[in-house]
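# Tertiary structure, described
Residue-level listing of the chains:
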Amino acid sequence: MSSALIRLSKKAPEGWDAILPTLEMFDNKMKDAVNESHEGKRKHESTWPIHRIHYEKSRYVYELFYTKQEISRELYDFCLREKVVDGNLIAKWKKPGYEFLCSLAAINKGSTNFGTTNICRVPLRLRSGKIAPSVLTGCISCASCDKGAPIWWNSRLPDDDGGGKRSAEDEEIDRRAAALR
């Protein structure tokens, strides 16, 4: 068990014991990702698993509280206050258009060359050329309209045709995007 989680266990509210094993699993995954060899990888590629684990851990607590309603407000606030999960990322998930944001680094305009957001925020259907993961986070797409969850570098891409049916809105967006190119 992680020493930080042991320290928190002494003053944790009711329900902590139920989520503790999963939080320990995420901590162990994070340690493995940090200690993983970076030989043969590009500079940012070694941080991709860290971004993904960070997302998954915060999403786990978020869904337990907001979607499944299995933990109390007191336990949720405790996790935020003790920085077990990322409160700023969870706050973004509550806003329209950011429901599945992969990382706060994806919307940090200071980390890109042209002062824009990361490529993973652009819907897949509006991209031209080869679809590749974000250099910074490893996320291929975390736009709310794509899949309902981030598509990571080691995930399968969703089918592009959507069953052959396209809405008039999709056609209009494609027409506008083509006019801009």
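As the structure is a computational prediction, the values presented were derived from the model and not from experiment.

Core analysis: the biggest nonpolar cluster contains 29 residues, and Trp16, Ile19, Ile71 and Cys79 have the highest contact counts within it. Mapped onto this core, the elements with two or more residues apiece are helix 1 (3-9), helix 2 (16-35), helix 3 (48-67), helix 4 (73-81) and helix 5 (87-93). Sort the elements by how many residues they give to this core and helix 3 lands first, with 5 residues. Ile71 has contacts with Ile19, Val61, Leu64, Phe65 and Tyr76, leaving out every residue within four places of it along the chain.

The next thing to look at is the environment of Gly15. For Gly15, the location among the structural elements is in the loop between helix 1 and helix 2. Along the chain, Gly15 and Ser72 lie 57 residues apart, while their C-alpha atoms are 7.6 Å from each other.

A few words on the side chain of Ser141. Mapped onto the elements of the fold, Ser141 is located in strand 1 (residues 139-141). Using a relative accessible area of 1% as the deciding quantity, one classes Ser141 as buried. Dropping the residues within four chain positions of it, Ser141 is found in contact with Cys120, Val122, Leu124, Arg127, Asp146, Ala149, Pro150 and Ile151.

The next point concerns the pattern of salt bridges. Overall, the coordinates contain 8 salt bridges when judged by the stated rule. Here Glu56 makes a salt bridge to Arg52, at a shortest N to O gap of 3.0 Å. With a gap of 4 residues between them, Glu56 and Arg52 both fall in helix 3, about one helical turn apart. On the accessibility criterion, Glu56 (24% relative accessible area) is partly exposed.

Time to look at the packing of helix 2 against helix 3. One way to put it is that helix 2 packs onto helix 3 with a least axis distance of 9 Å and a crossing angle of 170°. As summarised for this structure, helix 2 and helix 3 are arranged roughly antiparallel, according to the angle between their axes. Contact with helix 2, carried on its side by Ile19, Thr22, Leu23, Phe26, Asp27, Lys29, Met30, Ala33 and Val34, involves Pro49, Ile50, Ile53, His54, Glu56, Lys57, Tyr60, Val61 and Leu64 of helix 3 and no other residues of that element. The residue inventory of the contact of helix 2 with helix 3, partitioned by class, reads 12 nonpolar, 2 polar and 4 charged.

All told, the structure shown has 11 aromatic pairs when counted by the stated rule. Ring geometry for Tyr55 against Trp93: centres 5.5 Å apart, planes inclined by 80°, an arrangement best described as edge-to-face. One end of the pair, Tyr55, is in helix 3; the other, Trp93, is in helix 5, with 38 residues separating them in the sequence. The buried category is assigned to Tyr55, whose relative accessible area is 7%. When its relative accessible area of 2% is taken as the criterion, Trp93 is described as buried. Consider the rings of Phe65 and Tyr76, whose centres lie 4.3 Å apart with planes at 5°: the pair is stacked.

This brings us to helix 4. Among the residues making up helix 4, those that are buried are Leu75, Tyr76, Phe78 and Cys79. For helix 4, the angular spread of buried residues about the axis comes to 160°, placing them on one side. Set apart from the buried face of helix 4 by more than 90 degrees, the exposed residues are Glu74 and Arg81. Following helix 4 by one or two positions, Lys83 adopts a phi angle in the positive range, close to 60°.

Our focus in this paragraph is the confidence of the model for the protein chain. Looking at the protein chain as a whole, its pLDDT mean stands at 85, while 89% of the residues score no less than 70. The weakest mean pLDDT in the protein chain belongs to helix 6 (residues 168-180) at 69; the strongest belongs to helix 5 at 96.

The rules we used
- Residues numbered from 1 in each chain as written.
- Predicted model: local features only at pLDDT ≥ 70, side-chain atom pairs only at ≥ 80, totals over all residues.
- Heavy atoms only, no water.
- Core = buried A, V, L, I, M, F, W, Y, C linked by side-chain atoms within 4.5 Å.
- Buried < 20%, exposed > 50% of the residue type's maximum accessible area, 1.4 Å probe, protein only.
- Helix = DSSP H or I, 4+ residues; strand = E, 2+ residues; numbered from the N terminus.
- Contact = heavy atoms within 4.5 Å.
- Salt bridge = Lys/Arg side-chain N within 4 Å of Asp/Glu carboxyl O.
- Axes fitted to C-alpha atoms, helices over the stretch in contact; angles between N-to-C directions.
- Parallel < 35°, antiparallel > 145°, perpendicular 65-115°, else oblique.
- Nonpolar A, V, L, I, M, F, W, Y, C, P; charged D, E, K, R; others polar.
- Phe/Tyr/Trp six-rings, centres within 6.5 Å; stacked < 30°, edge-to-face > 60°.
- Arc of directions from axis to C-beta.
- pLDDT = per-residue confidence, 0-100.

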